[in-house]
Amino acid sequence: MRRLLATALVLLAIPSSQAAQEYSVTGMVLKVDRARLTFTASIQAIPGFMAAMAMPFEVRQAKDLDGLVPGASVAFALVVNGNTSYAERIRVVRYQSTEQDPLAASRLKLLTQVAGGAPRRTLAIGETVPDFKLIDQSRRPLALSELRGKVVGVNFIYTTCALPNFCLRIANNFGVLQKRFKARLGRDLVLLTVTFDPVHDTPDVLAEYARRWDADAESWHFLTGPVPDVQKVCRLFGVDFFPDEGLMNHSLHTAVLDRRGRVVANIEGNRFTADQLGDLTNAVLNTP
């Protein structure tokens, strides 16, 4: 609320007689309201104008909202004219990695399909995630259906990934969420980190990995299980991974599910901040 108020004061401080100003903006979509012709986004700072924040943006026509879904990365022009502002030329920025692991995983996926592998359908936004059961770091079975009524964050790692911008960054994002939503963890929000290397990432290994993040085992579950079960969960969210000389080439996905177990967002890649993921999670938590 303070950030929204500060932005309103900035906009009101621009004299109505001043020519319209235009600013380039990038951010993550949190919510789309077609009835009100608005979308809410967690944006990066606009130098010389406003700090990074989550706020709603108006558009001039409904078609400007086409293609916008929670979790999408966007770039747009913010036009400020007197006491009004609106977004235009909105563009969804698709994730295209030039980094080795995701790029190799993408290529290997294509090669597998060319060689006759059956295409796998990733769950779409709004679809209910089929129930699954895996084992957490405390050796307790956990079924997704047990978490109905709570918002669920899901990400994917393997513990021997040493590159700081891949699994470590993805896990750290949940570490930030754990601190930001400490009062709501377990009660309203649960975090699931699934390994796609279940052969090596046993519950004991995951317990040690969880200690690195000071994870609360009651609200942040690090999950493993039989290989077919883990593969099934990964496929639901479009996670690709291939063994490569003891390591893994893999894609990156972070999903947020609503209280009814439906996919609200499935973010590909690592080009978002922990604060943006937190703003998205907060938006889902506060949706009736």
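Everything here concerns the structure above.
The notes below deal with the structure included here. (Residues numbered from 1 in each chain as written. Predicted model: local features only at pLDDT ≥ 70, side-chain atom pairs only at ≥ 80, totals over all residues. Heavy atoms only, no water.)

## Points about the overall build of the protein
Here is step 1: A count of helices and strands for the protein gives six helices and 14 strands.
Here is step 2: For the protein, with 288 residues in total, the buried portion stands at 49%.
Here is step 3: A separation threshold of at least 6 residues defines the contact pool for the protein, and within that pool the share at least 24 residues apart is 68%.
Here is step 4: As displayed, the protein offers around 14300 Å² of accessible surface, 53% of which is attributable to carbon and sulfur atoms. (Helix = DSSP H or I, 4+ residues; strand = E, 2+ residues; numbered from the N terminus. Buried < 20%, exposed > 50% of the residue type's maximum accessible area, 1.4 Å probe, protein only. Contact = heavy atoms within 4.5 Å. Areas by Shrake-Rupley, 256 points an atom, 1.4 Å probe, with all protein chains shown as cover.)

## Regarding helix H6 (residues 274–285)
Here is step 1: Between its first and last C-alpha, H6 extends 16 Å over 12 residues, near the 16 Å set by a 1.5 Å rise per residue.
Here is step 2: Restricting attention to buried positions, one finds in H6 the residues Ala274, Gln276, Leu277, Gly278, Asp279, Leu280, Thr281, Val284 and Leu285. (Expected span 1.5 Å × (residues − 1).)

## Notes on the environment of Asn81
Here is step 1: By the element assignment, Asn81 lies in strand S4 (residues 73–81).
Here is step 2: In this structure the C-alpha to C-alpha distance between Asn81 and Glu22, which are 59 residues apart in sequence, comes to 8.7 Å.

## Focus: the packing of aromatic side chains
Here is step 1: The tally for this structure, following the rule as stated, stands at 11 aromatic pairs.
Here is step 2: Each ring, one from Phe156 and one from Phe237, has its centre 5.7 Å from the other, and the planes form 50 degrees; the classification is tilted. In this pair, Phe156 is assigned in strand S8 (residues 151–157) and Phe237 in the loop between helix H5 (227–236) and strand S11 (241–244), connecting sequence segments 81 residues apart. Of the two residues, Phe156 and Phe237, both sit in the buried class.
Here is step 3: One aromatic cluster in this structure is built from Phe174, Tyr209, Trp213, Trp220 and Phe222.
Here is step 4: Over the face of the ring belonging to Tyr86 we find Arg60, whose NZ or CZ atom lies 3.7 Å from the ring centre. (Phe/Tyr/Trp six-rings, centres within 6.5 Å; stacked < 30°, edge-to-face > 60°. Lys NZ or Arg CZ within 6 Å of the ring centre and 35° of its normal.)

## Brief notes about the packing of helix H3 (residues 167–180) against H6
Here is step 1: Their axes nearest at 9 Å, the elements H3 and H6 cross at an angle of 55 degrees. It follows that H3 is oblique to H6 by the angle criterion. Classified by chirality, the crossing of H6 by H3 is right-handed. For the pair H3 and H6, the contacting residues are Asn173, Phe174, Val176, Leu177 and Arg180 in the first and Ala274, Asp275, Leu277, Gly278, Asp279, Thr281 and Asn282 in the second. (Axes fitted to C-alpha atoms, helices over the stretch in contact; angles between N-to-C directions. Parallel < 35°, antiparallel > 145°, perpendicular 65-115°, else oblique. Left-handed = near helix turned anticlockwise from the far one by under 90°.)

## Overview of the pattern of salt bridges
Here is step 1: This structure, assessed with the given rule, holds 13 salt bridges.
Here is step 2: A salt bridge links Arg34 to Asp66, with the shortest nitrogen-to-oxygen separation between them at 3.0 Å. Taken together, the residues Arg34 in the loop between strand S1 (21–33) and strand S2 (38–43) and Asp66 in the loop between strand S3 (53–58) and S4 connect sequence positions 32 residues apart.
Here is step 3: Look at Arg34 and you get partly exposed, because its relative accessible area is 41%.
Here is step 4: With a relative accessible area of 49%, Asp66 lands in the partly exposed category.
Here is step 5: The salt bridge partner of Asp188 is Arg187, with a shortest N-O separation of 2.9 Å.
Here is step 6: Classification of Asp188 as buried rests on a relative accessible area of 12%. (Salt bridge = Lys/Arg side-chain N within 4 Å of Asp/Glu carboxyl O.)

## Details of the sheet that holds S4
Note on sheets: strands pair through backbone hydrogen bonds, and any given pair is parallel or antiparallel.
Here is step 1: Spatial ordering of the open sheet is given by S3-S2-S1-S4-S5, a layout of five strands whose pairing is antiparallel. Strands with a single pairing partner mark the edges of an open sheet, and in this sheet they are S3 and strand S5 (84–92). Averaged over all pairs of adjacent strands, the angle between strand axes in this sheet comes to 45 degrees, irrespective of strand direction.
Here is step 2: In the sheet, S1 pairs with S2 via six bridges, with the strands oriented antiparallel. When the bridges of S2 are listed, Val29 appears paired with Ala41.
Here is step 3: In the packing of H6 onto the sheet, the strands contacted are S1, S2 and S3, and the crossing angle to S1 comes to about 45 degrees. (Pairing = 2+ DSSP bridges.)

## Section: the nonpolar core
Here is step 1: Membership of the largest hydrophobic core comes to 61 residues, with the highest contact counts inside it found for Val129, Phe156, Leu192 and Phe237.
Here is step 2: Sorting elements by how many residues they give to this core places H3 first, with six residues.
Here is step 3: In contact with Val129, not counting residues within four places along its chain, are Leu123, Leu144, Arg148, Leu236, Phe237, Leu257, Gly261 and Val263.
Here is step 4: One finds Phe39, Phe57, Phe76 and Ala87 within the second-largest nonpolar core, a separate group that totals 21 residues. (Core = buried A, V, L, I, M, F, W, Y, C linked by side-chain atoms within 4.5 Å.)

## Structural notes on unusual backbone geometry
Here is step 1: One non-glycine residue, Leu37, lies in the positive phi region at around 55 degrees.
Here is step 2: Mapped onto the secondary structure, Leu37 falls in the loop between S1 and S2.
Here is step 3: For Leu37, a relative accessible area of 26% corresponds to the partly exposed category.
Here is step 4: If you check the backbone angles, Asp214 has positive phi at about 50 degrees while not being a glycine.
Here is step 5: Looking at where Asp214 falls in the secondary structure, it is placed in the loop between helix H4 (203–212) and strand S10 (220–223).
Here is step 6: By relative accessible area, which is 65% here, Asp214 ends up exposed.

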